[in-house]
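Summary of structural features
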Amino acid sequence: KKTKSIKKILLNPRKHAERISEMIQNGTLPFVRQRQIKVIKDGKQKKERTITKATNYEHILHHAIIGLLETRFINSSYKYSVASIPKRGDLYGKRCLEHWIRRYKGRKLYVLKFDIKKFFDTIDRQILFSKLKRLIKDKRFLLLIEKIIYFDGSSTNRGVPIGYYTSQWFANLY
């Protein structure tokens with residue numbers, strides 16, 4: 001469902017892209033306190049998550065950042081990590097398992113599937129940022145990413161927001 005503001009952006013995407021670019025270059029892109037929504041996921045565990053909703057401009061910015069960094073992130077990620085990586089979804093994981101099963105020809109094969117409880121909430125921002133600094137050398141670009149990582153202005157040094165497009169990529173890098 002496209003909101004009024006998204007429809008407005010889609011009517012003249014070039015104008016809005018130039019506006020965002022200008023704001024980035026001037027350091028005036030507003031990072032506002034986002035709206036947070038509590039969601040209870042159905043299923044056995046009934047996980048409660050707090051989803052952070054970025055503004056439309058921030059959402060566009062997050063996609064642009066990942067567009068620039070995607071290849072570096074993929075090249076630096078674990079070969080068999082499948083979460084949120086294009087062309088490495090469930091089917092990729094299934095094919096890898098099938099390959100290993102054929103290769104091990106009846107020998108015992110152990111596979112571990114796990115979920116780290118509250119993973120996004122426990123990511124150490126300093127460690128994440130130091131990993132990003134190894135991949136990115138442009139100081140202004142790093143400053144922009146730092147604003148996203150420290151999105152909430154809190155004194156805590158833990159957590160990236162669930163709901164930001166960049167967060168799933170940052171989590172894989174971490």
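Presented here is an overview of the structure given in this document.

Remarks on the nonpolar core
Among the nonpolar cores identified, the biggest contains 25 residues, and Ile65, Phe73, Leu128, Leu132, Ile136, Ile145 and Phe170 are the most heavily contacted of them. Taken together, the elements giving at least two residues each to this core come down to helix H3 (56-76), helix H6 (125-135), helix H7 (139-149) and helix H8 (165-173). Here this core gets six residues from one element, more than from any other, and that element is H7. Apart from the residues within four sequence positions on either side, Ile145 is in contact with Ile65, Leu69, Leu132, Ile136 and Phe170.

What to know about the environment of Lys118
Assignment of secondary structure puts Lys118 in the loop between helix H4 (90-104) and helix H5 (119-122). Residue classification places Lys118 among the partly exposed positions, given a relative accessible area of 44%. For the pair Lys118 and Glu48, spaced 70 residues apart in sequence, the C-alpha separation works out to 9.8 Å.

Notes on H6
Taken together, the buried positions of H6 are occupied by Arg125, Leu128, Phe129, Leu132 and Leu135. Seen along its axis, H6 keeps its buried residues to an arc of 110°; they face one direction. Counted as exposed and oriented over 90 degrees from the buried face of H6: Gln126 and Arg134. For H6, the secondary structure elements touched by its buried residues are H3, H7 and H8. Residue Asp124 occupies the N-cap position of H6, its side-chain oxygen lying 2.9 Å from the main-chain nitrogen of Gln126.

Here's the deal with the pattern of salt bridges
Overall, the coordinates contain three salt bridges when judged by the stated rule. The residue Arg14 makes a salt bridge to Glu18 at a minimum N-O spacing of 3.8 Å. Residue Arg14 and its partner Glu18 are both found in helix H2 (residues 13-26); the two are separated by four residues, about one turn of the helix. Classification of Glu18 by relative accessible area gives partly exposed; the value is 47%. Salt-bridge contacts for Lys94 lead to Glu98; the nearest nitrogen and oxygen are separated by 2.9 Å. On the criterion of helical spacing, the pair formed by Lys94 and Glu98 is a turn pair, its members being four residues apart in helix H4. Since its relative accessible area comes to 33%, Glu98 is described here as partly exposed.

Reading the values: the criteria
Residues numbered from 1 in each chain as written. Predicted model: local features only at pLDDT ≥ 70, side-chain atom pairs only at ≥ 80, totals over all residues. Heavy atoms only, no water. Core = buried A, V, L, I, M, F, W, Y, C linked by side-chain atoms within 4.5 Å. Buried < 20%, exposed > 50% of the residue type's maximum accessible area, 1.4 Å probe, protein only. Helix = DSSP H or I, 4+ residues; strand = E, 2+ residues; numbered from the N terminus. Contact = heavy atoms within 4.5 Å. Arc of directions from axis to C-beta. Polar contact = N/O pair within 3.5 Å; in protein donor to acceptor, adjacent residues only side chain to side chain. Salt bridge = Lys/Arg side-chain N within 4 Å of Asp/Glu carboxyl O.

Honestly, that's just the spatial picture; any functional story needs more than this.
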